[in-house]
Amino acid sequence: MEKTTVLYTGKAKQMWATDDPDILWVEYMDQATALNGKKKVQIDGKGTLNRQISSLLFEELNAQGFPTHYLKTLDDTTMLVKKCTMIPLEAVVRNFASGSFERKFKVEHLKPLVPAVHEFFYKSDALDDPFINNEQAIALGFADKETIDEIHAMSDRVNAYLKERFANIGIDLVDFKLEFGRLSDGTFVLADELSPDNMRLVDEATGNSLDKDVFRKDQGPLTPVYASVLKRLKESK
Ligand code: ATP
Ligand code: TYD
């Protein structure tokens with residue numbers, strides 16, 4: 001399998017076409033962004049850490065029977081995935097209050113949220129990824145009702161799996177973002193990335209952030225933190 005042309009250069013990954021029209025080559029880059037790309041820094045080693053954490057979690061989800069885009073790992077920073085038509089929604093699930101939710105409602109940091117809160121954000125850099133509700137997403141043609149229900153159900157199942165997976169290594173899964181797409185035959189799959197760039201993780205023992213908040217809040221070097229998450233996941237496989 002060879003990569004052919006760059007299809008898209010995002011903030012954290014580069015997506016390449018391959019000689020198979022249904023397969024994409026994904027390169028995880030050494031780049032960290034926050035504030036919708038306004039804060040941007042090169043961080044050596046971040047790409048391979050995110051690729052490794054993402055591969056490990058996607059492999060586990062595939063083994064559990066979740067429909068995902070993940071096919072296989074090629075090297076340190078590269079994986080092959082099934083090409084999707086992406087649904088342009090960021091599906092956020094929150095188990096504890098943090099980030100924009102905490103600011104919006106001025107609630108106690110890490111207040112437990114029962115039931116877990118589901119939110120959508122419309123994927124649009126030009127509009128700064130605005131919050132969007134179900135009817136807005138349907139009326140604007142981004143997803144139909146069945147797809148919204150599928151995203152909700154799959155996000156709950158992924159949350160149940162990941163919450164327990166991280167709890168078993170002493171880490172609270174605070175919140176995370178998922179993206180979904182459809183394969184050329186219409187199959188609904190979990191796509192994009194599963195890494196500390198897209199989830200908040202808090203060490204139960206110390207209360208320390210083990211995710212991109214370290215970068216957002218300038219709490220020190222990011223790679224040792226991501227490496228510690230990878231190590232804990234690997235040791236508990
Ligand atoms: P953001 O960080 O807000 O998600 P981005 O576009 O900068 O935006 P990257 O992760 O750098 O994010 O880029 C990856 C892009 O590839 C995203 O637009 C994502 O929706 C898309 N993508 C992920 N998985 C697939 C797939 N299987 N098929 C097609 N596109 C995909
Ligand atoms: P949120 O608290 O809404 O945003 P912010 O981090 O800007 O205050 O984010 C909730 C979770 O979803 C958090 O783990 C980050 C993740 N997320 C993304 O990875 N990308 C996104 O575009 C959004 C909206 C959230």
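See above for the structure.
Every residue gets a number counted from 1 within its own chain, in the order that chain's sequence is written. By the order in which they are written, chains take letters starting at A while ligands take numbers starting at 1. The model is predicted, so local features are restricted to residues of pLDDT at least 70 and side-chain atom pairs to those at 80 or more, both for listing and for counting; the totals for chains, interfaces and linings are taken over all residues. Hydrogens and waters are ignored; side-chain quantities use all the structure's heavy atoms.

Draft legend 1. Structural detail: the site of ligand 1. Near ligand 1 you find 19 residues, and of these Y8, K11, A12, K13 and E179 are the closest. A 3.5 Å cut-off defines polar contacts: any pair of N or O atoms within that distance qualifies, except that in protein one atom must be a possible hydrogen donor and the other a possible acceptor, and neighbouring residues in sequence count only when both atoms are side-chain atoms. Between H69 and ligand 1, the recorded distance is 2.8 Å, taken from a side-chain N or O atom to a nitrogen atom. The Shrake-Rupley method, run with a 1.4 Å probe, gives the accessible areas here. Residue values count only the displayed protein chains as cover. Contact with the protein chains removes 88% of the 630 Å² of surface that ligand 1 exposes when unbound. Runs of E in the DSSP output that reach at least two residues are strands. Runs of H or I that reach at least four are helices, and both are numbered from the N terminus. Those elements that place two or more of their residues in the shell around ligand 1 are β2 (13–18), β7 (78–82) and β12 (171–182). Lys, Arg, Asp and Glu make up the charged group, whereas Ala, Val, Leu, Ile, Met, Phe, Trp, Tyr, Cys and Pro make up the nonpolar group; the residues left over, Gly among them, are polar. In terms of residue class, the shell around ligand 1 is made up of eight nonpolar, two polar and nine charged. A cutoff of 4 Å decides nearness: a residue is near a molecule or strand if any of its heavy atoms lies inside that distance of it.

Draft legend 2. Just the site of ligand 2, in detail. The immediate surroundings of ligand 2 are formed by 17 residues, with R94, S100, R103, D175 and R200 found nearest. Separating an oxygen atom of ligand 2 from a side-chain N or O atom of S100 is a distance of 2.6 Å. Contact distances for ligand 2 include 2.7 Å between an oxygen atom and a side-chain N or O atom of R200. Contact with the protein chains covers 81% of the free accessible surface of ligand 2, which is 520 Å². Sorting the residues of the shell around ligand 2 by element identifies β9 (89–96), α2 (99–105), β12 and β14 (199–203) as the ones contributing at least two each. Its residues placed into classes, the shell around ligand 2 shows four nonpolar, four polar and nine charged.

Draft legend 3. Representation of the environment of R165 within the structure. With respect to the secondary-structure elements, R165 resides in helix α4 (residues 145–167). For R165, a relative accessible area of 9% translates into the label buried. Considered as a pair, R165 and L233 are 68 residues apart in the sequence and their alpha carbons are 8.3 Å apart. Should any heavy atoms of two residues lie within 4.5 Å, those residues are considered in contact. Not counting residues within four places of it along the chain, the set of residues in contact with R165 comprises L56, E60, L233, S236 and K237. Buried, partly exposed and exposed residues are distinguished by accessible area as a fraction of the type maximum, computed with a 1.4 Å probe on protein chains only: under 20%, between the cut-offs, and over 50%, respectively.

Draft legend 4. Broad picture of the environment of C84. Mapping C84 onto the fold places it in the loop between β7 and β8 (85–86). A C-alpha to C-alpha distance of 20 Å links C84 and M29, two positions 55 residues apart in sequence.

Draft legend 5. Here's a closer look at unusual backbone geometry. With an omega of 0 degrees, the peptide bond between V114 and P115 qualifies as cis. With respect to the helices, strands and loops of the structure, P115 is situated in strand β10 (residues 112–122). Not every positive phi belongs to a glycine, and K106 is a case in point at roughly 45 degrees. For K106, the location among the structural elements is in the loop between α2 and β10. If you check the backbone angles, D128 has positive phi at about 70 degrees while not being a glycine. If you trace the backbone, D128 turns up in the loop between β10 and β11 (131–132).

Draft legend 6. Representation of the pattern of salt bridges. Whenever a carboxyl oxygen of Asp or Glu lies within 4 Å of a side-chain nitrogen of Lys or Arg, that contact is scored as a salt bridge. Following the criterion strictly, the structure yields 22 salt bridges and no others. Put simply, R216 and D213 hold a salt bridge, and the shortest N to O gap is 2.6 Å. Taken together, the positions of R216 and D213, both in helix α5 (residues 213–216) and three residues apart, correspond to about one turn of that helix. On the basis of relative accessible area, R216 is assigned to the partly exposed category, the value being 35%. Note on D213: relative accessible area 4%, which makes it buried. The partner of E235 in a salt bridge is K231, with the nearest N and O atoms 3.3 Å apart. Here E235 pairs with K231, and both are found in helix α6 (residues 223–235), just four residues apart, close to one helical turn.

Draft legend 7. Just the sheet that holds β2, in detail. The pairing criterion for strands is at least two bridges between them, as found by DSSP. Pairing is antiparallel in the open sheet, where five strands are placed in the order β1-β2-β3-β7-β6. Edge positions in the open sheet fall to β1 (3–9) and β6 (70–75), since each of these has one partner strand only. Each neighbouring strand pair of the sheet contributes to a mean axis angle of 30 degrees, computed without reference to strand direction. Sheet strands touched by helix α1 (residues 46–63): β3 (23–28), β6 and β7. Its angle to β6, the strand with the most contacts, is close to 145 degrees. Helix axes are fitted only over the stretch in contact, all axes being lines through C-alpha atoms; the angle between N-to-C directions runs from 0 to 180 degrees.

Draft legend 8. Broad picture of the side chain of K39. Checked against the element boundaries, K39 lands in strand β5 (residues 39–42). Only 2.8 Å separates the side chain of K39 from the backbone oxygen of F215, close enough to count as a polar contact. Once you skip the residues sitting within four places of it in the chain, K39 turns out to touch A32, T33, A34, F215, R216 and D218.

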